[in-house]
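# Residue-level structure breakdown
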Amino acid sequence: MELMSDQTDAYRTLEALERLGHKHEVVHDGCRLVWRSFGQGASVVLLHGGHGSWLHWARNIEVLSQRYQLWLPDLPGYGDSDALSDPTMHALVDATLASMTSLLGADGVIPMLGFSFGGLVSARVAARRAGQTPLALLGPGGHGGPRRPIGDLRAWRQAAQRQDGRELGEIMRHNLLMHMVHEPQAIDELAVQIHSVSCQRTRFASKPISHAGGLAKLLEHHHAPLLMAWGQCDVTADPQWAAHALSVNHASCQTHIVPDAGHWVQYEAAQAVNQLLLDWLDAVTTR
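Residues numbered from 1 in each chain as written. Predicted model: local features only at pLDDT ≥ 70, side-chain atom pairs only at ≥ 80, totals over all residues. Heavy atoms only, no water.

## Some details on the packing of helix α3 (residues 89–104) against helix α4 (residues 117–128)
Axis separation between α3 and α4 bottoms out at 10 Å; the angle between their running directions is 65°. Between α3 and α4, the angle is such that the two are roughly perpendicular. In this structure, α3 meets α4 at a crossing whose hand is right-handed. The residues of α4 that touch α3, namely those facing Met-89, His-90, Leu-92, Val-93, Asp-94, Thr-96, Leu-97 and Met-100, are Phe-117, Leu-120, Val-121, Arg-124, Val-125 and Arg-128. Split into classes, the residues belonging to the contact of α3 with α4 amount to nine nonpolar, two polar and three charged. (Axes fitted to C-alpha atoms, helices over the stretch in contact; angles between N-to-C directions. Helix = DSSP H or I, 4+ residues; strand = E, 2+ residues; numbered from the N terminus. Parallel < 35°, antiparallel > 145°, perpendicular 65-115°, else oblique. Left-handed = near helix turned anticlockwise from the far one by under 90°. Contact = heavy atoms within 4.5 Å. Nonpolar A, V, L, I, M, F, W, Y, C, P; charged D, E, K, R; others polar.)

Now the structure itself:
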C-alpha cells in the first residue's frame, strides 16, 4: 500500500489491518492478482467498488472475520493487482473468476459480497460459477436506473503529482462528500486515506460499465439467496426505485435501505451493515 504518510493515525490503522491478513498472489493470462484473506470458517468473497481496493471493506473485516474466512481481491487494474492487457469487463471477470477458483475451488457454495461496481462483478462471477452463489450487493452498479448527483467531483491528479498532501486531502474530502458519504462528520482521516490511495492506484475504467446497466438481466437468472442494501442518501441510485426494480422477480430477495447513509454504506454505517451481513451470512451458510 502507498499511504499518505502525514496521516499517521490512519496509516497505523491500515498497517494494523494489513498485518491481520495473509496475502495471496495468482497469475491469470499474465495478470497478477493479489488477494488477502482474514479469519477462519466458511469462505466469503468480498469485492470492492470502482476507484477502490480491498480497503473499501476496512471497517467490516475485523467484525466479519470473527465468524468467517474473508477473501478480498484487488480486482485487476486496482490496488496491488496488475492492470489488464485487455481492459474490458469480460477480461476482468475472467481473471477474477479464475483467481477465485484457483484459491477456493470451482465447486461449493461461497457467498459473495459486492460493493458498487463490485456488485456488478459479483453478479457476473456468480452467473458463471458452478452451483448456487448467495449474493449480497451493497449500492450495486449496473442498476440501469436514475442517479441523484449532488455536485461535481474535483480533479485530483495534479495535486497527487505535486505530492501536495494538504490539497489532495481537501479534494478527496470534497469528492467523498459528493459521491461516497452523506454526513460530513463521517469523513475521517481513515476515509480520506483509503479514498486517496485507492483512486491513485485505479487503472480500470469502471464508470461507463456501471452506467450501462445489465444487473437486472443477470439477476433474472439468479436463484440463490439475494440481499441488496443501499444507503438512504446514495447518490448513485434512487434506492427505492432500485430495490423494487431489481427484486421484483425474486420472491425471497431481501432489500434494505440504511437511514442517513450514503453510497459507501458499509463504511459510513459500519455497525448496522456488519450486523445485517452477519445475520444474512449466518442464514445462507446454514441452509
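## With respect to the side chain of Asn-60
Considering the arrangement of structural elements, one finds Asn-60 in the loop between β3 (43–47) and α2 (61–64). From its side chain, Asn-60 meets the backbone oxygen of Gln-266 in a polar contact 2.9 Å long. A distance of 2.8 Å separates polar atoms of two side chains, one belonging to Asn-60 and the other to Asn-274. Ignoring any residue separated from it by four or fewer positions in sequence, one finds Asn-60 in contact with Gln-266, Ala-270 and Asn-274. (Polar contact = N/O pair within 3.5 Å; in protein donor to acceptor, adjacent residues only side chain to side chain.)

## Here we look at the packing of aromatic side chains
Under the defined criterion, the tally for this structure stands at four aromatic pairs. Ring geometry for Tyr-78 versus Phe-204: centroids 6.1 Å apart, planes at 45°, classification tilted. In this pair, Tyr-78 sits in the loop between β4 (69–73) and α3 while Phe-204 sits in the loop between α7 (189–200) and α8 (207–211), placing the two residues 126 residues apart along the sequence. Each of the two residues, Tyr-78 as well as Phe-204, counts as buried. (Phe/Tyr/Trp six-rings, centres within 6.5 Å; stacked < 30°, edge-to-face > 60°. Buried < 20%, exposed > 50% of the residue type's maximum accessible area, 1.4 Å probe, protein only.)

## Examining the pattern of salt bridges
Within the structure shown, the criterion is met by twelve salt bridges. Notably, a salt bridge pairs Lys-23 with Asp-80, separated by 3.9 Å at the nearest N-O pair. Here Asp-80 lies in the loop between β4 and α3 and Lys-23 lies in strand β1 (residues 22–28), a separation of 57 residues in the sequence. Lys-23 sits in the partly exposed class, given a relative accessible area of 47%. Where Arg-173 meets Glu-189, a salt bridge forms, and the shortest distance between an N and an O atom there is 2.5 Å. Of this pair, Arg-173 sits in helix α6 (residues 165–180) while Glu-189 sits in helix α7; the two residues are 16 residues apart in sequence, bridging distant segments of the chain. (Salt bridge = Lys/Arg side-chain N within 4 Å of Asp/Glu carboxyl O.)

## Comments concerning the nonpolar core
Of all hydrophobic cores here, the largest spans 50 residues; its most connected members are Leu-70, Leu-113 and Trp-264. In this structure, Met-112, Leu-215, Leu-218 and Leu-246 belong to the second largest nonpolar core, which totals 39 residues. (Core = buried A, V, L, I, M, F, W, Y, C linked by side-chain atoms within 4.5 Å.)

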